[in-house]
Number of protein chains: 4
Amino acid sequence: MTDQSSSLRVAMIGHAFMGNAHSQAWRTAPHFFALPLHPEMTVVVGRDADRAAEAAARLGWAESSTDWRAVIARDDIDVVDICTPGDTHAEIAIAALEAGKHVLCEKPLANTVAEAEAMTAAADQARSHGVRAMVGFTYRRVPAIGLARRLVDEGRIGEVRHVRAQYLQDWIADPEAPLSWRLDKEKAGSGALGDIGAHVVDLTQFITGSRITELTGRLETFVKERPYAAGDTSGSLGSGGTTTERGPVTVDDAASFLATFAGGAMGVFEATRFATGRKNAIRIEVNGSLGSLAFDFEDMNVLEYFDAREDADVAGFRRIIATEATHPYVAAWWPPGHGLGYEHGFTHQVVDLVTAIADGTDPSPSFADGLNVQRVLDAVETSSLTRTWQEIQ
Amino acid sequence: MTDQSSSLRVAMIGHAFMGNAHSQAWRTAPHFFALPLHPEMTVVVGRDADRAAEAAARLGWAESSTDWRAVIARDDIDVVDICTPGDTHAEIAIAALEAGKHVLCEKPLANTVAEAEAMTAAADQARSHGVRAMVGFTYRRVPAIGLARRLVDEGRIGEVRHVRAQYLQDWIADPEAPLSWRLDKEKAGSGALGDIGAHVVDLTQFITGSRITELTGRLETFVKERPYAAGDTSGSLGSGGTTTERGPVTVDDAASFLATFAGGAMGVFEATRFATGRKNAIRIEVNGSLGSLAFDFEDMNVLEYFDAREDADVAGFRRIIATEATHPYVAAWWPPGHGLGYEHGFTHQVVDLVTAIADGTDPSPSFADGLNVQRVLDAVETSSLTRTWQEIQ
Amino acid sequence: MTDQSSSLRVAMIGHAFMGNAHSQAWRTAPHFFALPLHPEMTVVVGRDADRAAEAAARLGWAESSTDWRAVIARDDIDVVDICTPGDTHAEIAIAALEAGKHVLCEKPLANTVAEAEAMTAAADQARSHGVRAMVGFTYRRVPAIGLARRLVDEGRIGEVRHVRAQYLQDWIADPEAPLSWRLDKEKAGSGALGDIGAHVVDLTQFITGSRITELTGRLETFVKERPYAAGDTSGSLGSGGTTTERGPVTVDDAASFLATFAGGAMGVFEATRFATGRKNAIRIEVNGSLGSLAFDFEDMNVLEYFDAREDADVAGFRRIIATEATHPYVAAWWPPGHGLGYEHGFTHQVVDLVTAIADGTDPSPSFADGLNVQRVLDAVETSSLTRTWQEIQ
Amino acid sequence: MTDQSSSLRVAMIGHAFMGNAHSQAWRTAPHFFALPLHPEMTVVVGRDADRAAEAAARLGWAESSTDWRAVIARDDIDVVDICTPGDTHAEIAIAALEAGKHVLCEKPLANTVAEAEAMTAAADQARSHGVRAMVGFTYRRVPAIGLARRLVDEGRIGEVRHVRAQYLQDWIADPEAPLSWRLDKEKAGSGALGDIGAHVVDLTQFITGSRITELTGRLETFVKERPYAAGDTSGSLGSGGTTTERGPVTVDDAASFLATFAGGAMGVFEATRFATGRKNAIRIEVNGSLGSLAFDFEDMNVLEYFDAREDADVAGFRRIIATEATHPYVAAWWPPGHGLGYEHGFTHQVVDLVTAIADGTDPSPSFADGLNVQRVLDAVETSSLTRTWQEIQ
């Protein structure tokens, strides 16, 4: 239906939780947004041939493969979408960029700053050849978050004084929850810090338009050993019971840190998988000299906004339901009040990436943005070990 | 401490739940508000001498009595505050007014329209002699409600289209909850309708500044028989166990009705004691052509306000915490955010009554307002029996 | 990719707002749910050939047509999905059923009871030949609503005493909002009553498992004349400005009614397009003898539940985030706390329809359910005209 | 009315904001609670004779004085209630204890650890003579907070993992808000840290029953200079305009710190006067291995509680309206759902102090508790200067 000149042929590496979300986005974006290029879901890559073939059928990819290197080498691939654990990001992304493929890489960009630096260098190199690289902080693309960024940018809250951000989950609050690759430092790089803390670092910097310059923080592992998962453990979130044998948890269960933003704002951050009852509570509050904003992903279609210039008689936090046509991305979807869900951020990510590729502009967040987040995470780890404040480059 | 010319000597009839609330108001008002007359808590009246004496000591009244007629006849009484069940209101209030005493009468004004008419006539007569009469719809004096009235009055929500009001309680949802005087038509006049429905009728008319002109409604008694309360049953809310014998519930458990307001707004009302989990949820929403208001007594220091003239980008219901010094009654109390409670409405009622008496103006709500509410309640009862729409005079 | 024996070939009639939502559902369901039959999006039908062709390309249908009769006659169509305005439902649905096609028909089932009766008769007839018919009350398939139904069914709230339901929108609160087909009685059948009131009638009967037996209600049209929409008016929600000429609004702007449920519960209903600031607020509260439930579509992933059997010390409405794998439909999607959106209800509808067809069972809600809702709506209209209580068959 | 043996004669030093709140408590407590001793409001002390006399009349004290030393020396004083700025607490409290008077001292106990140590030593000494000392962390006595303590104590949330606490105000977010004694380190000791941070330190330790053992923190002063207040500046919260001259702000505008609790829980704290739109938001969340609690003073009658042992199907944070008779202090007040306000905590404080004095037991929180809080605050200041973690004794 689309000629080759207008199509964008995608290879996705990895097909677990993130691969599922990315697939839904690639499938859906063209039906709601007028994309300048037509994405083709060409091939999905997995370690196991049968499972990759099953994923291709289920997720809507034309083919499957177990050899990401071979896929990257193909002429009929334009974009490589990396949905694997963090320890593999650098190798795949750099190879793809060097092969002239545009790259979308899930966050965190890498498991180490060194890897992220190499990836950013590769992206810089590739950019000079018109090749684009983007890191997947999809929560930026929740309409209420986009609106928050817009309101700060319009000066509506004035000078930012306070940023408080929490990412609260509870999926391993139970000490008998099994080990998964997300609890293994080799694969995951870090625990709550990199998995979810990375999101609030990115989101607060995105919303405020200001970088974290220094921080002091601490990591904690409440449960040091856990039972191994029984059966198939390839899924990211572990289910299907546990064995009697136990292994060490090598990542943090929770992280907290104090930060200073470039503009002088005080930041307070927390990321945990032990906030019993909080399932995916991304909470961000920003207090400025003229107003405040508040967001909670548990009510993801809402942004709260306080305008301090209003008369005291009628001033109050407004519950803006961010489903109006004027709100970011929303015009393509449903009438006001017909809420969007988690997956829509991924669809918006595809829209922005495809648009940037077609326009020949740099998509955002860039690998440099991803590297910056990695440096913040790295500073938290160092600070936790040395119990000192750390500056961020 | 105060000379007689500036004091206002109060007799309170009844000392149960309402008597307790009124006493706290009489005691407290002079300490926070600069009253033009100094209330003196002269005498409390009860049916039982010992219990009345105990109440006087506990509630802070100088004397007690069992003879309200004798008390009304005293020269050293300026105000009669009626806190008894509704079946006694008319007799006491009319006698007090005829004796030249200012009267504060708890709601509902009476148990029947005929009684309320007689009381209103007595109040009209007394007014010509400078004697004041007020009915106790204290929720009008919650600051957030006063603010709602002010915002409507300022035209901020434009033409009112919809009024929806609920008063939800659950204290007899349990079929084994005992009979109390509040479930006896002789004493209480009606059930949920008069006890709590009366409040939302008054509040919605107060906030909108518009009267109900017609309605169709229905009453329901879910539990027809209940055990008698064991032991002392003089308290209004029954506690202390039940007997094995049962008696009939002669009032409604719940009421609902559709209404039309003079300005054309559609009203939907509900009052019930069977809304399991709702303890004292007075919920009022008003939608106008330019905006909306929402109130819930379960978060009583808050008024929500939507301004439809704002850009869609930032429009949303504002959660106004009605604790600013500019909000009604608040300047006398605490700094912003230091919330008030249920009893403060009673204190504000004392302030307004004392001020009106000193100023020689009519306090509000008047007996005529109370009569109007009674006519609305009466129309609901008639409508429930005849299953027809009823007009209100 | 699928052989004919396992595929289900769908024709969709209409491609506006509902057609868009249905298309997303047909495209998405097979990727998240293991369907027993594979839906093929064979043909979309519209009145205008160019626009239908454009819709086919955009929404993912293989072909387009302007002749629904011809499409129904095709051998390679198994399901007819009707997304047109209500005045066309009966003709299309009956023809499709008679042609042996399974039918999914958007709500309201029809514009009149007579049409709905004919459709239900046709569905009964078709059932005997193994042909299935379903009406599209998709909000039943919001997980929190499915959970509400389950909790009532499990007896968790006991005997139902109160049902209060509101469907509040504000998209024509502005008197200058243009006329659209939704404001034309010929096409739409009714206004707020049939468009959105129908949903809360269905939802409350679904959740409680009990039918409305009688009601008294009233309709109101606040704005009697409106400007015509300028330009293309085929879209359901009108945009693109207005003309200076005005035409009559022939449907209700708002509806309210009191109802009795078969089990004795009192119902209070309201549907309006004039609740300024409420975008798509479907609010349902059910109070039972043992507990209560509350839902608001503005926070659509949440169900509130009060359990009256708990100790008073810790009793309270629980905010259940209905995104756990145990909640209806959720296991197929994302981890806990990763919310679903408006469109997911349509996807779940496809799942249930396809499953019923494959299993040879009747899908729910049936045309008989749709007819019942139509009778309730009809009774509201009659009641509004006659100002009397109406019984429902 | 009470003989001397059963009366408790109180002298209150200071009559500004806190003096007003304490007076309301002394006046009100005997009318709602059956106190073992009858408080007599004997004398109020202020710096200015006229203003003290006015305060006595307004607040209900029998006499006034300008000489606190003389008052402490009086035989007819049993309790000294200290409501002055923090720089005077030590001198007055120690003198009062040495004179054999029971002492209630507003928080923070003192402006320095050294003063607080001396006061605690004096309290220890006095205790051996049956003299009682209590520090005024009244928020402990909000029923929802008392309930939180009880639920932790009952083991309902298991082992505490996370404590997050914020005290957010905005009363000096405007850079032109005037200097008041609360912005002067000499008088106030510290800014947001001691004024409001002290409360959340006390509350979290009270609720969890666990002490902070180490912390790292930082203070910030966003606005370094402010205009002087015009006119009378004796009130704590400054009003009445400003002068053109400016002076230095010598206290912190905001404080944040990370902490470790004795039981291993991670703490994250924030106190600020620059959270635009937050008036008095005391927010405390505690996550444990079996459940969680959440409180926000902006909805002060509510405690949220999550029980992780419930089925996932129905688990959710419960909104417990802490107005049931079984909740702390509530039985003395109103029926369920009739909320209490800010001032009730002070009344409960009087109840607990009078009860402890009568029973001959130590009231809580003790001066040692106040000293502990002071050490935590001191550690935050040191940490902010040295940028290191600090241990608490």
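As the structure is a computational prediction, the values presented were derived from the model and not from experiment.

### Overview of the relation of the copies chain C and chain A
Between chain C and chain A, which share one sequence, the superposing operator has a rotation angle of 180° and an axial displacement of 0.0 Å; the RMSD is 0.0 Å. Such values leave the two copies arranged in the relation of a two-fold axis. For chain C, the smallest separation between a C-alpha atom and the rotation axis is recorded for Gly341 of chain C, amounting to 2.1 Å. A symmetric contact is evident, with 100% of the interface residues of chain C recurring at the interface of chain A.

### Here's the deal with unusual backbone geometry
Between Ser364 of chain A and the following residue, Pro365 of chain A, the backbone shows a cis peptide bond with an omega angle of 5°. Examined against the element boundaries, Pro365 of chain A turns out to sit in the loop between helix H9 (344–359) and helix H10 (367–386). Look at Tyr329 of chain B: it is not a glycine, yet its phi comes out positive at around 70°. Along the chain, the position of Tyr329 of chain B falls in the loop between strand S16 (317–321) and helix H9 (344–359). On the accessibility criterion, Tyr329 of chain B (21% relative accessible area) is partly exposed.

### A look at the interface of chain C and chain A
At the interface, 35 residues of chain C touch 35 residues of chain A. Together chain C and chain A conceal approximately 2900 Å² of surface at their shared face, both sides included; 58% is due to carbon and sulfur atoms. By the criterion of area lost to chain A, the three top residues of chain C are His31, Trp334 and His338 of chain C, representing 21% of everything that side buries. There are four salt bridges connecting chain C and chain A. Among the elements that make up the side of chain C that touches chain A, the one with the highest residue count is helix H1 (residues 17–32) of chain C (nine residues). Looking at the side of chain C that touches chain A residue by residue, the class counts come to 15 nonpolar, twelve polar and eight charged.

### Observations regarding the UniProt feature "domain: Gfo/Idh/MocA-like oxidoreductase N-terminal" (unreviewed entry) in chain A
Listed under "domain: Gfo/Idh/MocA-like oxidoreductase N-terminal" (unreviewed entry) in the UniProt record, and renumbered for this structure, are residues 8–137 of chain A. Within the segment residues 8–137 of chain A, helix and strand shares are 45% and 23% respectively, and the terminal C-alpha atoms sit 21 Å apart.

### Observations regarding the side chain of His102 of chain A
Residue and element names in this part refer to chain A. Within the secondary structure, His102 sits in strand S5 (residues 102–106). Here the side chain of His102 touches Arg132 through a polar contact of 3.0 Å, landing on its backbone nitrogen. Those residues in contact with His102, other than ones at most four positions away along the chain, are Asp78, Val79, Val80, Gly130, Val131, Arg132 and Ile357.

### Quick word on the interface of chain A and chain D
The parts lose accessible area when they come together, and the size of an interface is often stated as this lost area. Contacts between chain A and chain D engage 45 residues on the former and 45 residues on the latter. For the pair chain A and chain D, the two sides together bury roughly 3700 Å², of which 53% comes from carbon and sulfur. Joining chain A to chain D, the criterion identifies eight salt bridges. The partner of Arg283 of chain A in a salt bridge is Glu285 of chain D, with the nearest N and O atoms 2.5 Å apart. Viewed at the interface, chain D and chain A are joined by 20 residue pairs in polar contact (both at pLDDT 80 or more). Those elements giving two or more residues to the side of chain A that touches chain D turn out to be strand S7 (160–168), strand S8 (212–220), strand S11 (254–261), strand S12 (266–272), strand S13 (281–288) and strand S14 (291–296) of chain A. Of all the elements, S11 of chain A adds the most residues to the side of chain A that touches chain D, at seven residues.

Quick notes on the rules
Residues numbered from 1 in each chain as written. Chains lettered and ligands numbered in written order. Predicted model: local features only at pLDDT ≥ 70, side-chain atom pairs only at ≥ 80, totals over all residues. Heavy atoms only, no water. Least-squares fit on C-alpha atoms with pLDDT ≥ 70 in both. Contact = heavy atoms within 4.5 Å. Helix = DSSP H or I, 4+ residues; strand = E, 2+ residues; numbered from the N terminus. Buried < 20%, exposed > 50% of the residue type's maximum accessible area, 1.4 Å probe, protein only. Buried area = accessible area lost by both parts, 1.4 Å probe. Salt bridge = Lys/Arg side-chain N within 4 Å of Asp/Glu carboxyl O. Nonpolar A, V, L, I, M, F, W, Y, C, P; charged D, E, K, R; others polar. UniProt positions renumbered as here; feature names shortened; annotations may be inferred. Polar contact = N/O pair within 3.5 Å; in protein donor to acceptor, adjacent residues only side chain to side chain.

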